[in-house]
Amino acid sequence: MVEIELDGKKVDVTEGSMIMHAADKAGTYIPHFCYHKKLSIAANCRMCLVDVEKAPKPMPACATPVTQGMIVRTKSEKAIKAQQSVMEFLLINHPLDCPICDQGGECQLQDLAVGYGAGSSRYEEEKRVVFHKDVGPLISMEEMSRCIHCTRCVRFGQEVAGVMELGMIHRGEHSEITTVLGETVDSELSGNMIDICPVGALTSKPFRYSARTWELSRRKSVSPHDSTGANLIVQVKNNKVMRVVPLENEDVNECWIADRDRFSYEAVNSDERLTQPMLKQGGQWQAVDWQTALEYVANGLRQIKTDHGAAAIGALVSPHSTVEELALATALVRGLGSENVDYRLRNADFTPSSGIRWLGTSIASLSQLQRVLVIGSNLRKDHPLFAQRIRQASRKGAAVSVIGSTREIAHRDAWAMTLAGVHTVAAGEWLQALADVATAIGAETGVAAPSNGTATDAAKAMAASLLGGERKAILLGNAAAHHAQASQLLAVAQWIGAQTGASVGYLTEAANTVGAQWVNALPGAEGLNAGQMLAGGLKALLLLNNEPEFDSAAGARAPAGLEHAQMVVTLSPFKTNLAFSDVLLPIAPFTETPGTFVNAEGRLQSFHAVVKPRAEARPAWKVLRVLANLLGLQGFDFESSQDVLAYVRQGRGADATHVAADLLDNAAPAGVDLHAAAPAAAGEPVVASIYQLDGLVRRATSLQLTADARGEGRALTGTQPALDEVTA
């Protein structure tokens, strides 16, 4: 530790820290533009000049290391004059368009100009003009004359997103920020550039000119998409969601969110919203009131139970639904006497697990890993925020190895990080590839591997990597979880983890995959799994928040399997499943209902509704509770979503923030045959692309206009190494 004097106060900071870090610790604000705590130090805006005793001139606080006994003054006449001079230079070419700027009211330049700017300008020459650029459907760069060249966006691309899509060209007054790889900015994290831009140069294209920041109410929420559970601030005007930005949480999403977390709100305002209950009568859809619709469903379920037995009734529930919704849907089906309930819509292997499958470590620890082996995940697109954490680890020297098919590893640069080893094989050969790694580890440790493998050069390189380092993780991706040999892959991964000291876990696909397991939204011993239910045979089926054509492994075959049912009830915020449904019940999306999501590390995160339900839509937990009451089922007397959560906590176990640790268990099922060949018909596992993951992103107009949604993601370099290349 080093002690310095800052504005007369003694401050202890770590050796190697900058003056800015000491000021942050002391709670002293130093004006700045280019400095950002998550980015490297550029020291190019010079706004943070401070007076350091014995220094011949003011020094930039962000780039000046502390020394023992240093005396710093941030508010002396020398420091203030330096800061005022810098502000004058920054404003020389800046346009005088604050009244029409979309950044107005939350502009760092505007705020600091009030404190450090002059009342009038001495500059009389013509201001420079930078022509606007069209960089895609998400970011607006139409006012680049406002740019002050802080390079935050450039550094974000290089260091966090892993893709240098923006760069600075020319010098001096002619400098400008522009695209350097192509015409558009296509990173799945690109929206964060909007947040870190301190001026109105980069703004949100979907939000542009729709509201002023001071008109917006701000409410906390949680992302309903992937398993990160990113914390959000949803901004609302006139009971309408206008914008979504990140809420900082170092343990979960730091200060970033993925583009699908940021822009999927467009779907909740779309014309595809289902606004009132509907029944299909004579092949035609008729709008009805809630009482009529729920009585129709209750009477239908009673009749089917009487005619065909409770086993003819089932429910397919989405892992993007809240804990409360999943718990009540599961309890309703079991209350009717059926065990047919499942959330594993895209799985091919339904072997029961002994515990809740989860990440196997904390999300925050991903940034500190030294060795990583990822199996069956296009990490950057499946879990953008996990990818950026592992990218941080890679920048610190972590060795990241990957086993996957061409979807997961189109080329080495597809992950936007340095990969120590890449082994690209068809999905049916993943088990063999993993067995080869186990064999190579066994040869090094002298312990017999559990399955027959061959210590190939690729396997030896990955084995050597995993046997080195201290903090290690083996991560099974969405494709590995949905694989026909998922249980065998887990068993071999667990053996490798035991021999190398690595944690083993699933990245988990959806916002509530862990929560769905926690509430036991799984078939009982006599129940049908999701694949069997979609194949047909049930007489009544409840579809909670999912579209089988897009959300299940059955895909286009799903309607044929459901057409034999006497009654299919869809609970969805959208007009969907029209071809095979008999009842549509409008439920509220995450912005209009309270609820809880459990992320990949088992963290419970509850949230409130940020706006009122649209038209006749109602929170799904209320719909399910009333339906259970109409059916005469016991134990459905909940008055609030908090009551439902308390009921689940009591029955399943959880502390204040996490699922009980003894429930989290990635142990492989007993008696798994590690030598079984993959079913010939299994093919590639069914995995949703980044902007097809759920009904919200599928209906977000701006996201569907991106290169990723159109399948036009480009290579990041011109020359790609061989797909199966592995380097030690």
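Nothing here was measured: the structure is a model prediction, and the numbers come from that model.

Participant: How would you explain the overall build of the chain if you had to name every residue and give the values?
Facilitator: Across its full length, the chain holds 23 helices and 27 strands. At 28 Å, the chain has a C-alpha radius of gyration in line with the 27 Å of a compact globule built from 728 residues. Seen through its C-alpha atoms, the chain measures out along the principal axes to roughly 90 × 70 × 50 Å. Taken over 728 residues, the chain has a buried fraction of 60%. For the chain, contacts bridging at least 24 residues in sequence account for 72% of all contacts bridging at least 6. Total accessible area on the chain is roughly 28,300 Å²; 50% of this is exposed by carbon and sulfur atoms.

Participant: Requested: an account of the packing of helix H8 (residues 323–335) against helix H19 (residues 620–630), with residues and values cited.
Facilitator: The interhelical angle for the contact between H8 and H19, taken along N-to-C directions, is 20°, at an axis separation of 8 Å. It follows that H8 is roughly parallel to H19 by the angle criterion. Every pair of crossing elements has a handedness; the one defined by H8 and H19 is left-handed. Contact residues: H8 offers Glu324, Glu325, Leu328, Ala329 and Leu332, while H19 offers Ala620, Trp621, Leu624, Arg625, Leu627 and Ala628. Here the residues of the contact of H8 with H19 are counted per class, giving 8 nonpolar, no polar and 3 charged.

Participant: Please give an account of the sheet that holds strand E24 (residues 567–572) that cites residues and values.
Facilitator: Taken in spatial order, the 7 strands line up as E15-E14-E25-E24-E23-E16-E17 in an open sheet, and their pairing is mixed. Each having just a single partner strand, strand E15 (284–287) and strand E17 (341–342) make up the two edges of the open sheet.

Participant: Help me get a handle on the sheet that holds strand E6 (residues 133–134), residues and values and all.
Facilitator: Strands sit in the order E6-E7-E10 across an open sheet of 3 strands; the sheet is antiparallel. Each end of this open sheet is capped by a strand with a single partner; those strands are E6 and strand E10 (203–204). The pairing of E6 with strand E7 (residues 139–141) spans 2 bridges and is antiparallel. For Asp134, the partnering residue across the bridge sits in E7 and is Ser140.

Participant: Give a detailed account of the confidence of the model for the chain, specifying residues and quantitative values.
Facilitator: Model confidence for the chain is summarised by a mean pLDDT of 93, while 97% of its residues fall at 70 or above. Low pLDDT, under 50, characterises residues 713–728; the stretch is placed with 40 contacts to residues that sit more than four places away or in other chains.

Participant: Tell me about the state of the cysteines, and please be specific about residues and values.
Facilitator: By definition, a disulfide links two cysteine residues through a covalent bond between their sulfur atoms. Counted by the stated rule, this structure contains 0 disulfides. Summary of cysteine pairing: Cys45 is not part of a disulfide, and the nearest cysteine sulfur, belonging to Cys34, is at 3.7 Å. Judged by its relative accessible area of 6%, Cys45 is buried. Here Cys98 is not cross-linked by a disulfide; its sulfur's nearest cysteine counterpart is in Cys107, at 6.3 Å. For Cys98, a relative accessible area of 38% corresponds to the partly exposed category.

Participant: Give a detailed account of unusual backbone geometry, specifying residues and quantitative values.
Facilitator: What you tend to see is this: most non-glycine residues have negative phi, and most peptide bonds are trans. The phi angle at His149 is positive, at roughly 60°, despite the residue not being glycine. The phi angle at Ala416 is positive, at roughly 55°, despite the residue not being glycine. On the secondary structure map, Ala416 appears in the loop between strand E19 (399–404) and strand E20 (421–424).

Participant: Could you give me a rundown of the UniProt feature "domain: 4Fe-4S His(Cys)3-ligated-type" (unreviewed entry) in the chain, with the residues and numbers involved?
Facilitator: Using the residue numbers shown here, the UniProt feature "domain: 4Fe-4S His(Cys)3-ligated-type" (unreviewed entry) corresponds to residues 78–117. Between the first and last C-alpha atoms of residues 78–117 the distance is 16 Å; the span itself is 60% helix and 0% strand.

Participant: Residues and numbers for the side chain of Gln103, please.
Facilitator: Note on placement: Gln103 falls in the loop between helix H2 (77–92) and helix H3 (108–116). Contacts of Gln103, omitting those with residues within four sequence positions, involve Cys197, Pro198, Val199, Gly200 and Thr203.

Participant: Break down the UniProt feature "domain: 4Fe-4S Mo/W bis-MGD-type" (unreviewed entry) in the chain for me, with residues and values.
Facilitator: The UniProt record marks residues 216–272 with the feature "domain: 4Fe-4S Mo/W bis-MGD-type" (unreviewed entry), using the residue numbering of this structure. End C-alpha atoms of residues 216–272 are separated by 25 Å, and the span's content is 9% helix alongside 35% strand.

Participant: Could you give an account of the pairing of strand E27 (residues 604–607), naming the residues involved and the relevant values?
Facilitator: Inspection of the sheet shows strand E26 (residues 595–598) paired to E27 by 4 bridges, in the antiparallel sense. Across the sheet, residue Phe597 finds its bridge partner in E27, namely Gln605. In this structure, the hairpin formed by E26 and E27 is closed by a connection of 5 residues, where Gly602 is found at a positive phi of approximately 85°.

Participant: Can you break down the nonpolar core residue by residue, with the values?
Facilitator: One finds Val317, Leu332, Trp415, Leu475, Trp518 and Leu585 to be the most contacted residues of the largest nonpolar core, which totals 79 residues. Ignoring any residue separated from it by four or fewer positions in sequence, one finds Leu585 in contact with Leu274, Pro277, Trp290, Ala293, Leu294, Val569, Thr570, Leu571, Ser572 and Val623. Formed by 74 residues, the second largest nonpolar core is a distinct cluster that contains Leu49, Cys150, Ala211 and Met242.

Participant: Break down the packing of aromatic side chains for me, with residues and values.
Facilitator: All chains considered together, the criterion is met by 3 aromatic pairs. Between Phe597 and Phe607 the ring centres are 5.1 Å apart and the planes differ by 35°, which places this aromatic pair in the tilted class. Here Phe597 is found in strand E26, whereas its partner Phe607 is found in strand E27, with 10 residues between them in sequence. Each member of the pair, Phe597 as well as Phe607, carries the same accessibility label: buried. Their ring planes at 50° and their centres at 5.3 Å tell us that Phe638 and Tyr647 sit as a pair that is tilted. Classification of Tyr647 as partly exposed rests on a relative accessible area of 41%. Across the ring face of Phe207, the terminal group of Arg243 is positioned such that the distance to the ring centre comes to 4.3 Å. In this structure, Arg699 packs its charged tip against the face of Phe574, placed 4.3 Å from the ring centre.

Participant: Please give an account of the environment of Gly200 that cites residues and values.
Facilitator: Mapped onto the fold, Gly200 is located in the loop between helix H5 (192–196) and E10. A C-alpha to C-alpha distance of 9.2 Å links Gly200 and Ser145, two positions 55 residues apart in sequence. Not counting residues within four places of it along the chain, the set of residues in contact with Gly200 comprises Cys101, Gln103, Glu143 and Arg146.

Participant: Got a sec to walk through the pattern of salt bridges? Specific residues and values, please.
Facilitator: Any two side chains of opposite charge can pair, on the condition that their charged atoms come close. A full pass over the atoms with the stated rule returns 36 salt bridges. Lys37 is the partner of Glu248 in a salt bridge, and the nearest nitrogen-oxygen pair spans 2.4 Å. Taken together, the residues span a long stretch of sequence, with Glu248 in the loop between strand E13 (240–246) and helix H6 (259–263) and Lys37 in the loop between helix H1 (19–26) and strand E3 (49–52) at a distance of 211 residues. Put simply, Lys38 and Glu254 hold a salt bridge, and the shortest N to O gap is 2.9 Å. Of the two residues, Lys38 sits in the loop between H1 and E3 while Glu254 sits in the loop between E13 and H6, which places them 216 residues apart along the sequence. Overall, the relative accessible area of 24% leaves Lys38 in the partly exposed class. Linked through salt bridges whose partners overlap, the residues forming this network are Glu272, Arg346, Glu509, Glu547, Asp551, Arg698 and Arg699.

Definitions and cut-offs
Residues numbered from 1 in each chain as written. Predicted model: local features only at pLDDT ≥ 70, side-chain atom pairs only at ≥ 80, totals over all residues. Heavy atoms only, no water. Helix = DSSP H or I, 4+ residues; strand = E, 2+ residues; numbered from the N terminus. Rg over C-alpha atoms; globule rule 2.2 N^0.38 Å. Buried < 20%, exposed > 50% of the residue type's maximum accessible area, 1.4 Å probe, protein only. Contact = heavy atoms within 4.5 Å. Areas by Shrake-Rupley, 256 points an atom, 1.4 Å probe, with all protein chains shown as cover. Axes fitted to C-alpha atoms, helices over the stretch in contact; angles between N-to-C directions. Parallel < 35°, antiparallel > 145°, perpendicular 65-115°, else oblique. Left-handed = near helix turned anticlockwise from the far one by under 90°. Nonpolar A, V, L, I, M, F, W, Y, C, P; charged D, E, K, R; others polar. Pairing = 2+ DSSP bridges. pLDDT = per-residue confidence, 0-100. Disulfide = S-S within 2.5 Å. UniProt positions renumbered as here; feature names shortened; annotations may be inferred. Core = buried A, V, L, I, M, F, W, Y, C linked by side-chain atoms within 4.5 Å. Phe/Tyr/Trp six-rings, centres within 6.5 Å; stacked < 30°, edge-to-face > 60°. Lys NZ or Arg CZ within 6 Å of the ring centre and 35° of its normal. Salt bridge = Lys/Arg side-chain N within 4 Å of Asp/Glu carboxyl O.

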